[in-house]
Amino acid sequence: MKRATPFLRDAVLVSATKGIEVDSLQRMSQVIEGETAGCCRVVVLSGPSFALETARGLPTAMIAASTDPTAAAAVQEHFRGQGLRLYVNDDVAGVEIGGALKNVIAIAAGVSEGLGLGHNTLAALITRGLAEISRVAFAEGGRRDTIAGLSGLGDLVLTCTGSLSRNRQVGVALGQGRSLDEILSSTRMVAEGVRTTRAALALGARHGIELPIAAQMQAVIDGQCSPLDAVEALMGRRQRAEVDG
């Protein structure tokens, strides 16, 4: 972005990157705006979309999120195709938090599959994972209805259940007993959730938010506990009301 900035003149920049910068805890649109000194309008493109399926023209619905409604509408119109439908949203924080943190929960979903824990466990992980994502998004200024939409629940379900999910594949391998170093060295694909887990926990600490699934995934990633121990730790937590007070 630093190298590109001198060549940009009131362009609309579309961010298709899902993650949180580990040191600054900034979302990707914030990183772009910082590096370009705000010279361009930024639109975030996010939602349930495996690139392979989208490239094949299979029906896909996504979000174009921006605080600039004109820029969002331009992206919505320009990117539309026979197999791609876009919705606009002005909740950039909610869209980006949903897109980043769903990768953390997808690793947990993969671990569940690798351990052979069944559909009940997967449903619980997705649902309670959505609750963790919602807490962080709300604390960062996002809206809960955004997390219930395409860039939240939609992307979460896809990444936790789809065989093309890189983060889920990492979780499956962890659940099968492989080490993280072995897994990452054997693939050229990037599993963003590995780094995002630590950033998510740092965001939670900033706001005083408990993220039990993310915490257990970090312990597994760091080799501090086994996947099965992580499951037992989550199941053994103090029981509570489902909805936060």
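Structure: above.
This is a predicted model, so every value here is computed, not measured.

Q: Explanation requested: the nonpolar core in the structure shown.
A: Within soluble globular proteins, side chains that are nonpolar tend to cluster in buried spots. Membership of the largest hydrophobic core comes to 40 residues, with the highest contact counts inside it found for Ile20, Ile97, Leu101, Leu174 and Met217. For this core, the elements supplying multiple residues, two or more each, are α4 (92–114), α5 (118–139), α7 (150–161), α8 (166–175), α9 (180–185), α10 (193–207) and α11 (212–221). In terms of residue count, the dominant contributor to this core is α4 (ten residues). Not counting residues within four places of it along the chain, the set of residues in contact with isoleucine 97 comprises Ile20, Arg27, Ile133, Val136, Ala137, Glu140 and Leu203. Membership of the second largest hydrophobic core comes to eight residues, among which are Met62, Ala71, Leu84 and Leu86.

Q: Sorry, what's going on with the environment of leucine 156 here?
A: With respect to the helices, strands and loops of the structure, leucine 156 is situated in helix α7. Leucine 156 sits in the buried class, given a relative accessible area of 0%. On a C-alpha basis, the gap between leucine 156 and isoleucine 105 in space is 7.6 Å, while along the polypeptide they are 51 residues apart. Beyond its immediate sequence surroundings of up to four residues, leucine 156 is in contact with Lys102, Ile105, Ile126, Leu130 and Ile133.

Q: I keep staring at the pattern of salt bridges and nothing clicks. Help me out?
A: A side chain with one charge may pair with a side chain of the opposite charge, provided their charged atoms come close. Summed over all chains, the structure comprises twelve salt bridges. Note that arginine 27 is salt-bridged to glutamate 96, the shortest N-O span being 2.6 Å. Taken as a pair, arginine 27 in the loop between β1 (12–15) and α1 (28–35) and glutamate 96 in helix α4 lie far apart in primary sequence, 69 residues in all. Taken as a pair, arginine 27 and glutamate 96 share a single burial class, namely buried. For aspartate 222, the salt bridge is made with arginine 198, and the minimal N-O distance between the two is 3.1 Å. Within this pair, whereas aspartate 222 is found in the loop between α11 and α12 (227–235), its partner arginine 198 is found in helix α10, the two being separated by 24 residues in sequence. On the basis of relative accessible area, aspartate 222 is assigned to the partly exposed category, the value being 36%. Counted as one network, the salt bridges with shared partners bring together Lys18, Lys102 and Asp155.

Q: Explanation requested: the packing of aromatic side chains in the structure shown.
A: Both the distance between ring centres and the angle between the ring planes are used here to describe each pair of aromatic rings. A full pass over the atoms with the stated rule returns zero aromatic pairs. The lysine or arginine in question, arginine 144, covers the ring of phenylalanine 138, its NZ or CZ lying 4.6 Å from the ring centre.

Q: What should I look at first to understand helix α3 (residues 69–79) in this one?
A: Think of an α-helix as turning once every 3.6 residues; residues three or four places apart then point the same way. Where α3 is concerned, the buried positions are Ala71, Ala72 and Val75. Looking straight down α3, one finds its buried side chains confined to an arc of 100°; they lie on one side. Of the exposed residues in α3, those oriented more than 90 degrees away from the buried face are Pro69, Thr70 and Glu77. Structurally, α3 contributes buried residues whose contacts are with β1, β2 (41–46), β3 (60–65) and β4 (84–89). Its side-chain oxygen at 2.9 Å from the backbone nitrogen of threonine 70, aspartate 68 defines the N-terminal cap of α3.

Q: Looking at this structure, I do not really get unusual backbone geometry. What am I missing?
A: Across the chain, the bulk of peptide bonds are trans and the bulk of non-glycine residues have phi less than zero. A positive phi angle is found at leucine 25, which is not glycine, with a value near 60°. Along the chain, the position of leucine 25 falls in the loop between β1 and α1.

Q: Honestly, the sheet that holds β4 in this entry has me stumped. Any pointers?
A: Within the open sheet, the four strands sit side by side as β1-β2-β3-β4. Their pairing is mixed. Because the sheet does not close on itself, it has two edges, and the strands there are β1 and β4. Here the strands of the sheet are splayed against their neighbours by 30° on average, with no regard to which way each runs. Set on the sheet, α4 makes contact with β2, β3 and β4; between it and β2 the angle comes to about 40°. Taken strand by strand, α7 contacts β2, β3 and β4, and its axis lies near 140° from that of β3.

Rules used in this analysis
- Residues numbered from 1 in each chain as written.
- Predicted model: local features only at pLDDT ≥ 70, side-chain atom pairs only at ≥ 80, totals over all residues.
- Heavy atoms only, no water.
- Core = buried A, V, L, I, M, F, W, Y, C linked by side-chain atoms within 4.5 Å.
- Buried < 20%, exposed > 50% of the residue type's maximum accessible area, 1.4 Å probe, protein only.
- Helix = DSSP H or I, 4+ residues; strand = E, 2+ residues; numbered from the N terminus.
- Contact = heavy atoms within 4.5 Å.
- Salt bridge = Lys/Arg side-chain N within 4 Å of Asp/Glu carboxyl O.
- Phe/Tyr/Trp six-rings, centres within 6.5 Å; stacked < 30°, edge-to-face > 60°.
- Lys NZ or Arg CZ within 6 Å of the ring centre and 35° of its normal.
- Arc of directions from axis to C-beta.
- Polar contact = N/O pair within 3.5 Å; in protein donor to acceptor, adjacent residues only side chain to side chain.
- Pairing = 2+ DSSP bridges.
- Axes fitted to C-alpha atoms, helices over the stretch in contact; angles between N-to-C directions.

Note that every value here comes from positions in space, so none of it alone points to a role or purpose.
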